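The lines below spell out each chain.
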Amino acid sequence: MEALTLLEWGFDGLLGLGLLWLAWRALTCPELFKAIVLFIAFGLLMALAWVRLDAPDVALAEAAIGAGLTGALLLAAFAKLSLVTGHEELKPARSEKNRIRFQHYWMPATTLLLVTAGLFYVILSLPPYAAGLSVEVASNLDTSGVSNPVTAVLLNFRGYDTLLEMVVLLLALLGVWSLGDTTIHREAAPGLVLDTLARVLVPLLILVAAYLLWVGAHAPGGAFQAGAVLGAAGVLLLLSSWRPHADLIAWPLRLMLVLGPAIFVIMAVLLYLTKGQLLEFPPAQAGILILILEAVATVSIGITLAALFLGGRPRRGKGQA
Amino acid sequence: MSAPFFYALVGIGLFSLGLYGLIVHAHLLRKILALNIMGSGIFLVLVALAKRTGEAPPDAVPHAMVITGVVVAVSATALALTLMLKLTAETGRAELPEKGRE
């Protein structure tokens, strides 16, 4: 028993220090590309930390989104950036910048050290035991329609959080779309390896997304994780030069994007009119209602994430008008 | 010190590192990385403090909030990256103009 505790502490210590070291290197190493790769590794270590903290739902979301999609977004932006600025900007800082301007560094550093010390003090003065809302969640779990407490909180107890969160996703996409267009045209065919990989992996990813969606009712998983996996499938397709058919990008794409929030709002209004409370599910039907909401949310989240990766509002290419 | 507090302190450390990077770096891509690291630090504090339940399963409410936060963070990152590319296309530099250096 003693040896096991020691081993756990060793693991926790290494993980914590590894996280801090990777974050520090990602912020200080002179090459941007290296920084992004370090950040992706940081995301994977974060997923391990979530597992250590008994938060497998968060770990799944982090592994798919924090490490996967954010990394893909950063690398894609880096590639576009080096097209615009050439490699000048991305190389280690120029000599003028290399001169350490002392006051530019130690001022924020000392201030932040003080802030950090204050926050450490606050954390350490918290009571070592606090149940938070876990008792309330556990006692109401029977009426929520699902047995995974995180899904119960996300879709039932605090359903409006999820509703607003889907609106935020949509708003981010609208922001990206309002900044420019992307022409939808098939680029050069991908290499054989990428093409085969995409053909094998995409159906598998869709299957995994469906599984995560279904299993979310009683085990780690759910709409966000499933949507993230679906988004990853979309990113893989986009990377292997697949583009949606020109007819699909007009209203079918937009319909899929708003389907999740729209069904959510419709259900909220209907429940408000019949039960008098926003998103208060009747316990008997809660399970099936949550499954419907999660299914449409998964599709919308997945497609929104893939559209965010594409960047810019998709537009018909010149040859396809 | 128990494991939840250790991870909460690591979270604070990440938050401070991220904030430092956000202040001292001029390049916008680096600032976006720093913001993401700050966010991860805050998530770590939230989830770590949710585990202060002893032997009982941890509090699910912060977990749900963090999942929501992770998804919001990725959408905000996508928007920020697009804004950065747009700025770079306009000015040729992925940095904000500095006062006194124009």
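Conventions we followed
- Residues numbered from 1 in each chain as written.
- Chains lettered and ligands numbered in written order.
- Predicted model: local features only at pLDDT ≥ 70, side-chain atom pairs only at ≥ 80, totals over all residues.
- Heavy atoms only, no water.
- Helix = DSSP H or I, 4+ residues; strand = E, 2+ residues; numbered from the N terminus.
- Buried < 20%, exposed > 50% of the residue type's maximum accessible area, 1.4 Å probe, protein only.
- Contact = heavy atoms within 4.5 Å.
- Areas by Shrake-Rupley, 256 points an atom, 1.4 Å probe, with all protein chains shown as cover.
- Lys, Arg positive; Asp, Glu negative; His and termini not counted.
- Charge placed at Lys NZ, Arg CZ, Asp CG, Glu CD.
- Rg over C-alpha atoms; globule rule 2.2 N^0.38 Å.
- Salt bridge = Lys/Arg side-chain N within 4 Å of Asp/Glu carboxyl O.
- Domains from an automatic or database assignment.
- Buried area = accessible area lost by both parts, 1.4 Å probe.
- Core = buried A, V, L, I, M, F, W, Y, C linked by side-chain atoms within 4.5 Å.
- Expected span 1.5 Å × (residues − 1).
- Bend = angle between axes of the 7 residues up to and from the residue.
- pLDDT = per-residue confidence, 0-100.
- Axes fitted to C-alpha atoms, helices over the stretch in contact; angles between N-to-C directions.
- Parallel < 35°, antiparallel > 145°, perpendicular 65-115°, else oblique.
- Left-handed = near helix turned anticlockwise from the far one by under 90°.
- Nonpolar A, V, L, I, M, F, W, Y, C, P; charged D, E, K, R; others polar.

Quick word on the overall build of chain A
The helix and strand inventory of chain A stands at 12 helices and two strands. Secondary structure elements of chain A, listed N to C terminal, follow the sequence α-α-α-α-α-α-α-α-β-α-α-α-α-β. Buried residues in chain A amount to 44% of all 321 residues. Of all intrachain contacts in chain A linking residues separated by at least 6 positions in sequence, the fraction that spans at least 24 positions is 76%. As presented, chain A carries roughly 16700 Å² of accessible surface, and 72% of it is formed by carbon and sulfur atoms. Distance between charge centroids for chain A: 15 Å, based on 19 positive and 20 negative side chains.

Some points on the overall build of chain B
Secondary structure summary: chain B contains three helices and zero strands in total. The helix and strand sequence of chain B, counted from the amino end, reads α-α-α. Its C-alpha atoms give chain B a radius of gyration of 17 Å, clearly above 13 Å, the size a compact globule of 102 residues would have. Summarising its shape, the C-alpha atoms of chain B cover approximately 60 × 25 × 15 Å along the three principal directions. The buried share of chain B, reckoned over its 102 residues, is 63%. The long-range share in chain B, meaning contacts at least 24 apart out of those at least 6 apart in sequence, stands at 57%. With the model as given, the accessible surface of chain B reaches about 3900 Å², and the carbon-plus-sulfur share is 67%. Computed over 8 positive and 6 negative side-chain charges, the inter-centroid distance for chain B is 3 Å.

Quick notes on the pattern of salt bridges
Residue and element names in this part refer to chain A. If you walk through the whole model with that rule in mind, you get five salt bridges over all chains. The shortest N-O distance in the salt bridge between arginine 52 and aspartate 12 comes to 2.7 Å. With arginine 52 in helix H2 (residues 32-52) and aspartate 12 in helix H1 (residues 2-28), the pair connects residues that are 40 residues apart, well separated along the chain.

Focus on the domain arrangement of chain A
Residue and element names in this part refer to chain A. Each assigned domain of chain A is listed here: domain 1 (1-91) and domain 2 (146-321). Inter-centroid distance (C-alpha atoms) of domain 1 to domain 2 is 25 Å. With 11 residues of domain 1 at the contact, the number on the domain 2 side is 14 residues. On the domain 1 side of the interface with domain 2, the three residues burying the most area are Asp57, Leu60 and Leu69, jointly 53% of the side's total. On inspection of domain 1 and its partner domain 2, the count reaches zero salt bridges.

Examining the interface of chain A and chain B
Between chain A and chain B, the contact holds 85 residues from the first and 72 residues from the second. Summing both partners gives a buried area of about 7000 Å² for chain A against chain B, and 78% of it is carried by carbon and sulfur. When residues of chain A are sorted by the area they lose upon contact with chain B, Leu27, Leu53 and Leu179 of chain A head the list and together hold 11% of the total. Summed over the shared surface of chain A and chain B, the result is one salt bridge. Residue aspartate 54 of chain A pairs with lysine 51 of chain B through a salt bridge whose shortest N-O separation is 3.0 Å.

Here we look at the nonpolar core
Within the largest apolar cluster, 103 residues are counted, with the highest numbers of intra-cluster contacts made by Phe42, Trp50 and Phe281 of chain A together with Leu44 and Met84 of chain B. There are two domains that each give this core at least three residues, and those are domain 1 (1-91) and domain 2 (146-321) of chain A. Other than its neighbours up to four places away in sequence, phenylalanine 281 of chain A contacts Leu155, Asn156, Met267, Leu271, Ala286, Leu289, Ile290 and Leu293 of chain A. One finds Val202, Leu205, Ala209 and Val229 of chain A within the second-largest nonpolar core, a separate group that totals 10 residues.

What about helix H9 (residues 192-215) of chain A?
Side chains three or four residues apart in an α-helix point the same way, a direct result of the helix having 3.6 residues per turn. All names here are of chain A. Along its 24 residues, H9 runs 34 Å from first to last C-alpha, staying within 8% of the 34 Å computed at 1.5 Å per residue. The sharpest bend along H9 reaches about 25° and sits at leucine 201, with the proline proline 203 one to four residues further on. Residues Ala198, Val202, Leu205, Ala209, Leu212, Leu213 and Val215 constitute the buried set of H9. Contacts from the buried residues of H9 go to helix H3 (56-85), helix H10 (223-239) and helix H12 (286-310).

Considerations on the confidence of the model for chain B
All names here are of chain B. Considering every residue of chain B, the mean pLDDT works out to 88; 94% of them sit at 70 or more. Per-residue pLDDT, averaged within each element of chain B, yields its smallest value for helix H3 (residues 60-91) (91) and its largest for helix H2 (residues 28-50) (93). Scored as a complex, the prediction yields pTM 0.88 and ipTM 0.92.

Points about the packing of H1 of chain A against H2 of chain B
Look at H1 of chain A against H2 of chain B: their axes get within 9 Å of each other, and the N-to-C directions meet at 160°. The angle between H1 of chain A and H2 of chain B falls in the class roughly antiparallel. Note on packing geometry: the crossing formed by H1 of chain A with H2 of chain B is left-handed. Two secondary-structure elements touch here, H1 of chain A through Leu19, Ala23, Ala26, Leu27 and Thr28 of chain A and H2 of chain B through Arg30, Leu33, Ala34, Ile37 and Leu44 of chain B.

Considerations on the packing of H2 of chain B against H3 of chain B
Residues and elements named next belong to chain B. Two elements in contact, H2 and H3, have axes whose closest approach is 10 Å; the angle formed by their N-to-C orientations is 175°. The pairing of H2 with H3 is recorded here as roughly antiparallel in orientation. Note on element contacts: H3 touches H2 through Pro62, His63, Val66, Gly69, Val70, Ala73, Thr77, Ala80, Leu81, Met84 and Leu87, opposite Leu28, Leu29, Ile32, Asn36, Phe43, Leu46, Val47 and Ala50. Residues of the contact of H2 with H3, tallied by class, amount to 15 nonpolar, four polar and no charged.

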